[in-house]
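# Per-entry structural report
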Amino acid sequence: MGKAMVEKQRGMSEGIFWVVIGGIICTLAFQHDLGSFRAPGPGFVAFLSGLLIGGVGIVMILSMSISMGRAKETTRGAGLGIPAVSLRRLAFTMMFLVAYAILMNPLGYIVSTFLAMFGLFFDREKKNWFWSFFFSVTTSLASYLVFEVWLHCQLPRGILPWW
Amino acid sequence: MSVLSALFYGFGIALQPWNLLCCFIGVFIGTLVGVLPGIGPAGAMSLLLPVTFGMSPVTGIIMLAGIYYGTMYGGSTTSILVNIPGEAASIVTCLDGYQMALKGRAGPALGIAAFGSFIAGTIGIIGLIFMTNMLAEVALVFGPTEYFSLMCLGLSLVTYLTQGSILRGLIMAGVGLFVSQIGQDIVTGQTRFSFGFRGLIDGVGLVPVIMGLFGISEVLLNIETLGQQRAIMKTTFRHLFPTWEDWRKSAAPIGRGTIIGFFLGILPGGGALISSFVSYAAEKWFSKHPGEFGKGAIEGVAGPESANNAASTSGFIPLFSLGIPSNVIMALLLGALMIHGLKPGPLMITERPDIFWGTVASMYVGNVMLLMLNLPLIGLWVQVLKVPYRTLFPLILLFCFIGAYSIGANIFDLYVMLIFGVIGYVLRKKNYECAPLVLAFVLGPMMEKNLRQALILFDGNLSVFITRPLSLAALVISVLLLLTAVIPFVQKRRTKVIAED
């Protein structure tokens, strides 16, 4: 199969994806009462947004099937194209971020920030334990002082209620 | 109150010590954000939005506005010294600014960028005062039909001017519109599209969405290239002040850049980015030596840098006069004003003159501060550039977390931010622009309110949108713009222009 054909198929799949999304939005909007033109209901504008997404998705499919030239437009966006090393970095970063969000309330701001920052600062190639520890302690305490003490942001206290 | 006395009143507010300090913090952070590639003005403003809650509305807006125009100033430093634009509006400055730096003329390049920005910013403020008042008076006769159609026009323009496919821009606008519908219905109070999550009953927060789409996704994109070193120019800054010859060459480009930037900045979707490119193209066209452009022509720095600053000032006009944001940054400022209980629109200037005149006067004060910050502190900004991204990105992520959390002290907002971070990352990898999504998200509730009001008011008669002249004009322009998506010649031309940009 030629490259152009693969790209064209990817463009078609993209169009189909948005048609499905548009369809889902329209269905959801329908469930929330569309109302009428005289008295539009809560789902009215959402329905229009679903129609827009689905409609553009259909135009995408049509333009892909009509024009081979248009298929070239998708070349840059075809596939996420992430190298294995970057993918590992991304996965680690996302893992730490999700864990940070989950642990922030139970552990409190300072402890969870320290753990998350340690994980994010740590360079798995250079194994920089000391600097990661130093930076994460400094960051946690400095940000706590600035945002909680100085700017009075309400940060979670967790297991250190006296802070 | 005459314009002059109102301006004095504004200076009285802007020069209060606390406002002055907040203005300084804003422009300082803005410059820092502009210098650092990887976090843009939208991210920085979202980050500091919760901080402004404890302040008076005028102080908060002064600080947020300071970040915005501070970014425009700071962005030029990285473009000239590293050939990496700190923010999008400084992309074009790379072309000649970096070439000047390579020739040992980094000082005059930075100097003319700072002076040009100052002059354009100052003239822009004068224009802002008169145009906003004029437009606000006209806008008093606008009804829901006009407002709805103008918002459609704004959205269409932003979609049209986004890089890549218009179809993708339209889809993003549709997605933003849908996300804005999550939460309670404005008329019936019914909860919609919350999928059983209590955190969605009040809708999706603006700050988590922007933090996710612009902050988290930007970090995720940059992490891919972690480890790549930035080459920073080793240059001395003894001769920061441009020579008379430099001034002679730059005077007209600064003037033209200011005019171009000012008028393009008013247009929805125009903004600083487009105006800097248009200014560059204009300078090349006006120049007797167009061949010198791209090889270190000072006109190629003076024009675009003036244009992007004038545009960032005039972008406030539709926000203050109509209550319609012309770009993502203005959408964020609109959100900030609304959080503070203010309703931007034609009546704001008369009802809350402290906000309008205080902000306008603070912009002038901020411009003076930026001139003083940018030139003597260039050495400091260069040092900041040397901070490796490996050290920087955990801090950016931390600020995003604090920003999103402190809005409502709600963990759910962090999940929303992370989800939008991943969505933004995937979308940007697939060449979808996030700007139409955010603008539609912010405009969504206003569009819904005006559309439903108009339909109820005119008994469901859709023809009202085409029988009122302004509404008709706005809708016709919107349709014409979007039709270009299916006209191959126009689309090719548009793609070529954006690609050249």
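Residues numbered from 1 in each chain as written. Chains lettered and ligands numbered in written order. Predicted model: local features only at pLDDT ≥ 70, side-chain atom pairs only at ≥ 80, totals over all residues. Heavy atoms only, no water.

### Side note on the overall build of chain A
Note the following rule: Under the DSSP-based scheme used, a helix requires at least four consecutive residues in state H or I and a strand at least two consecutive residues in state E, with every element numbered from the N terminus. Categorising residues by exposure relies on relative accessible area from a 1.4 Å probe, with only protein chains included: less than 20% of the type maximum marks a residue as buried, more than 50% marks it as exposed, and the intermediate range marks it as partly exposed. Contacts between residues were defined by any pair of non-hydrogen atoms, one from each residue, lying within 4.5 Å.
Tallying secondary structure elements over chain A gives 6 helices and 0 strands in all. The linear arrangement of helices and strands in chain A, starting from the amino end, is α-α-α-α-α-α. Counting across all 163 residues of chain A, residues that qualify as buried make up 40%. Partitioning the intrachain contacts of chain A with sequence separation of at least 6 by distance along the chain shows that 54% fall at a separation of at least 24.

### Thoughts on the interface of chain A and chain B
To keep things clear, this is the line we draw: In the sections that follow, a salt bridge refers to a side-chain nitrogen of Lys or Arg positioned within 4 Å of a carboxyl oxygen of Asp or Glu. Any pair of nitrogen or oxygen atoms within 3.5 Å is treated as a polar contact; in protein, a donor-acceptor pairing is required on top of that, and neighbouring residues in sequence qualify only through side-chain atoms on both sides. Gly counts as polar in this scheme, as do all residues outside two lists: the nonpolar Ala, Val, Leu, Ile, Met, Phe, Trp, Tyr, Cys and Pro, and the charged Asp, Glu, Lys and Arg.
Listed by partner, the interface residues are 61 residues for chain A and 60 residues for chain B. Run the count over chain A and chain B and you get 2 salt bridges. Residues Arg38 of chain A and Asp459 of chain B are paired through a salt bridge, measuring 3.6 Å at the closest nitrogen-oxygen approach. Our count for the contact surface shared by chain A and chain B stands at 7 residue pairs in polar contact (both at pLDDT 80 or more). Mapped by element, the contributors of at least two residues to the side of chain A that touches chain B are helix 1 (3-31), helix 2 (44-66), helix 4 (84-107), helix 5 (109-121) and helix 6 (129-150) of chain A. Considered class by class, the residues forming the side of chain A that touches chain B number 37 nonpolar, 16 polar and 8 charged.

### Let's talk about unusual backbone geometry
The phi torsion of most residues other than glycine is negative, and most of the peptide bonds are trans. Residues and elements named next belong to chain B. Of note in the backbone geometry, Phe193 takes a positive phi value of approximately 50 degrees without being a glycine. Note that Phe193 resides in the loop between strand 2 (191-192) and helix 9 (206-223). According to the relative accessible area criterion, Phe193 is buried, its value standing at 2%. With a phi close to 50 degrees, Phe195 is a non-glycine residue in the positive phi region. Mapping Phe195 onto the fold places it in the loop between strand 2 and helix 9.

### Focus: the pattern of salt bridges
When their charged atoms lie close together, side chains carrying opposite charge are able to pair. Residue and element names in this part refer to chain B. Evaluation of the coordinates by the stated rule reveals 13 salt bridges over all chains. Between Asp185 and Arg452 there is a salt bridge, with its nearest N and O atoms 2.6 Å apart. Remark: Arg452 occurs in helix 20 (residues 435-457) and Asp185 occurs in the loop between strand 1 (183-184) and strand 2; sequence separation between them is 267 residues. For Asp185, a relative accessible area of 3% puts it in the buried group. A relative accessible area of 2% places Arg452 in the buried class. Connected via shared salt-bridge partners are Asp185, Arg192, Glu448 and Arg452.

### Details of the confidence of the model for chain A
Note: predicted coordinates in regions of low pLDDT should not be interpreted at a detailed level. Residues and elements named next belong to chain A. As a reminder of what qualifies: Scored between 0 and 100, pLDDT is the confidence that the predictor attaches to each residue.
Per-residue confidence for chain A gives a mean pLDDT of 83, with 83% of residues at or over 70. The weakest mean pLDDT in chain A belongs to helix 3 (residues 68-71) at 50; the strongest belongs to helix 5 at 91. When the criterion is pLDDT under 50, residues 70-78 qualifies, and its contacts beyond four places in sequence or with other chains add up to 26 contacts.

### Focus: a nonpolar patch on the surface
What counts, and what does not: Put simply, a patch holds well-exposed residues, over 30% relative accessible area, that have no salt bridge, with like charges counted together within 9 Å and Val, Leu, Ile, Met, Phe, Trp or Tyr side chains within 5 Å. Areas reported here follow the Shrake-Rupley algorithm with a probe of radius 1.4 Å; residue values treat only the protein chains shown as occluding.
Taken together, the side chains of Val98, Ile102, Leu103 and Leu115 of chain A together with Tyr415, Ile419 and Ile423 of chain B define a hydrophobic patch exposed on the protein surface, amounting to about 550 Å² of accessible area. Elements represented by at least two residues in the nonpolar patch include exactly helix 4 of chain A together with helix 19 (411-429) of chain B. With respect to the secondary-structure elements, Tyr415 of chain B resides in helix 19. You can call Tyr415 of chain B partly exposed: its relative accessible area is 32%.

### Looking at helix 10 (residues 244-266) of chain B
All names here are of chain B. Defined as follows: Each residue after the first adds 1.5 Å to the expected span of a helix. Values of bend correspond, residue by residue, to the angle between axes fitted over the seven residues ending at that residue and the seven starting there.
Under the 1.5 Å per step criterion, the end-to-end length of helix 10 is 33 Å for 23 residues, consistent within 8% with the ideal 33 Å. Its axis deflected by about 40 degrees at Ser250, helix 10 carries its strongest bend there, up to four residues before the proline Pro253. Listed in full, the buried residues belonging to helix 10 are Asp246, Ser250, Pro253, Ile254, Gly257, Thr258, Ile260, Gly261, Phe262, Gly265 and Ile266.

### As for the side chain of Thr139 of chain A
If you trace the backbone, Thr139 of chain A turns up in helix 6. Among all residues touching Thr139 of chain A, those that are not within four sequence positions of it are Met117 and Phe121 of chain A together with Leu395 and Leu398 of chain B.

### Some remarks on the environment of Met134 of chain B
Looking at the secondary structure, you find Met134 of chain B in helix 6 (residues 106-139). Between the C-alpha atoms of Met134 of chain B and Phe148 of chain B, which are 14 residues apart in sequence, the distance is 21 Å.

### Some points on the packing of aromatic side chains
Residues and elements named next belong to chain B. Note the threshold: Pairing of aromatic rings covers Phe, Tyr and Trp, the last counted by its six-membered ring, and requires centre-to-centre distances within 6.5 Å; plane angles under 30 degrees mean stacked, over 60 mean edge-to-face, and any other angle means tilted.
Scanning the entire structure with this criterion turns up 31 aromatic pairs over all chains. Residues Phe197 and Phe412 carry aromatic rings whose centres are separated by 5.9 Å and whose planes lie at 40 degrees to one another, so their mutual orientation is tilted. Here the residue Phe197 occupies a position in the loop between strand 2 and helix 9, and Phe412 occupies one in helix 19, the gap between them amounting to 215 residues. For Phe197, a relative accessible area of 46% gives the class partly exposed. Aromatic pair Phe320 and Phe356: ring centres 5.3 Å apart, planes at 90 degrees, arrangement edge-to-face. Here Phe356 lies in helix 16 (residues 353-374) and Phe320 lies in helix 13 (residues 316-322), a separation of 36 residues in the sequence.

### Some remarks on the environment of Gly303 of chain B
Residues and elements named next belong to chain B. Along the chain, Gly303 falls in helix 12 (residues 299-314). The exposure class of Gly303 is buried, given its relative accessible area of 0%. Apart from the residues lying within four places of it in its own chain, the contact partners of Gly303 are Pro253, Gly257, Ser279 and Glu283.

### Side note on helix 14 (residues 328-339) of chain B
For helix 14 of chain B, built from 12 residues, the straight-helix expectation of 16 Å at 1.5 Å per residue is met to within 8% by its first-to-last C-alpha distance of 16 Å. Counting buried residues in helix 14 of chain B gives 10 out of 12 residues, a clear majority hidden from the surface.

### Notes on the nonpolar core
What tends to happen in soluble globular proteins is that the nonpolar side chains get buried as a cluster. As a reminder, the rule being used: Among buried residues, those of type Ala, Val, Leu, Ile, Met, Phe, Trp, Tyr and Cys that are joined through side-chain atoms within 4.5 Å constitute a nonpolar core.
In terms of nonpolar packing, the biggest core is built from 196 residues, with Tyr109 of chain A together with Val204, Phe316, Phe401 and Leu414 of chain B touching the most fellow members. In terms of nonpolar packing, the next biggest core, distinct from the first, is built from 5 residues, Val92, Phe277, Phe293 and Ala297 of chain B among them.

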